[in-house]
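Single-letter residue listing:
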Amino acid sequence: MTSSAKTNRANKDALIKRINRINGQVSAVGRMIDDDRYSIDILHQVTAARNALDALSLQLLEEHARLSVDAAIGSKKSDAAVEEVLKVVRQLVK
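Reading guide: rules and limits
Residues numbered from 1 in each chain as written. Predicted model: local features only at pLDDT ≥ 70, side-chain atom pairs only at ≥ 80, totals over all residues. Heavy atoms only, no water. Helix = DSSP H or I, 4+ residues; strand = E, 2+ residues; numbered from the N terminus. Rg over C-alpha atoms; globule rule 2.2 N^0.38 Å. Buried < 20%, exposed > 50% of the residue type's maximum accessible area, 1.4 Å probe, protein only. Contact = heavy atoms within 4.5 Å. Areas by Shrake-Rupley, 256 points an atom, 1.4 Å probe, with all protein chains shown as cover. Lys, Arg positive; Asp, Glu negative; His and termini not counted. Charge placed at Lys NZ, Arg CZ, Asp CG, Glu CD. pLDDT = per-residue confidence, 0-100. Salt bridge = Lys/Arg side-chain N within 4 Å of Asp/Glu carboxyl O. Axes fitted to C-alpha atoms, helices over the stretch in contact; angles between N-to-C directions. Parallel < 35°, antiparallel > 145°, perpendicular 65-115°, else oblique. Left-handed = near helix turned anticlockwise from the far one by under 90°. Nonpolar A, V, L, I, M, F, W, Y, C, P; charged D, E, K, R; others polar.

The next thing to look at is the overall build of the protein chain. When helices and strands are tallied, the protein chain shows three helices and zero strands. Starting at the N terminus, the α and β elements of the protein chain follow one another as α-α-α. Against the compact-globule benchmark of 12 Å for 94 residues, the protein chain has a radius of gyration of 17 Å, which places it well outside the compact range. Oriented by its inertia axes, the alpha-carbon framework of the protein chain measures out at about 55 × 30 × 15 Å. Here the protein chain holds 94 residues, and the buried ones make up 22% of them. Sequence-distant contacts in the protein chain: of pairs separated by 6 or more residues, those separated by 24 or more amount to 60%. Only carbon and sulfur atoms are counted for the fraction: they give 56% of the accessible area of the protein chain, which is about 7100 Å². Charge-centre separation for the protein chain: the mean point of 15 positive side chains lies 6 Å from the mean point of 12 negative side chains.

Structure representation (structure tokens):
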């Protein structure tokens, strides 16, 4: 993994805001279960949380690809950087 690609401050703030919303969605699932809410409503909330996590994953992957892979292109590390991204993509689509 290339450590040279760090999240910039503005993007970090956006990522923190996004993960805080996801935490709220997951907490809502717990409250809905505790309140004996209709299962379909809970499943909709679970789906929303999963979609939000997927979007966060894609945003992080895009940032990584733009910074780390771009920096590795033309160097002897480009194959490793591309393989790293492909490995993550494979995990995401499972």
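Further remarks concern the confidence of the model for the protein chain. In the predicted model, the protein chain carries a mean pLDDT of 87, and the fraction of residues at 70 or more is 93%. For the protein chain, per-element mean pLDDT is lowest for helix H3 (residues 78–92), which scores 86, and highest for helix H1 (residues 9–34), which scores 94.

Following the criterion strictly, the structure yields two salt bridges and no others. Across the salt bridge formed by Arg66 and Glu62, the nearest N and O atoms sit 3.0 Å from each other. Of this pair, Arg66 and Glu62 both sit in helix H2 (residues 39–72), four residues apart, which is roughly one turn of that helix. The partner of Arg90 in a salt bridge is Glu83, and the shortest N-O contact between them spans 3.1 Å. On the basis of relative accessible area, Arg90 is assigned to the partly exposed category, the value being 45%. By relative accessible area, Glu83 is classed as partly exposed at 41%.

Turning our attention to the packing of H1 against H2. Axis separation between H1 and H2 bottoms out at 9 Å; the angle between their running directions is 160°. Classified by the interaxial angle, the pair formed by H1 and H2 is roughly antiparallel. Handedness of the crossing formed by H1 with H2: left-handed. Per-class residue counts for the contact of H1 with H2 are 17 nonpolar, four polar and three charged.

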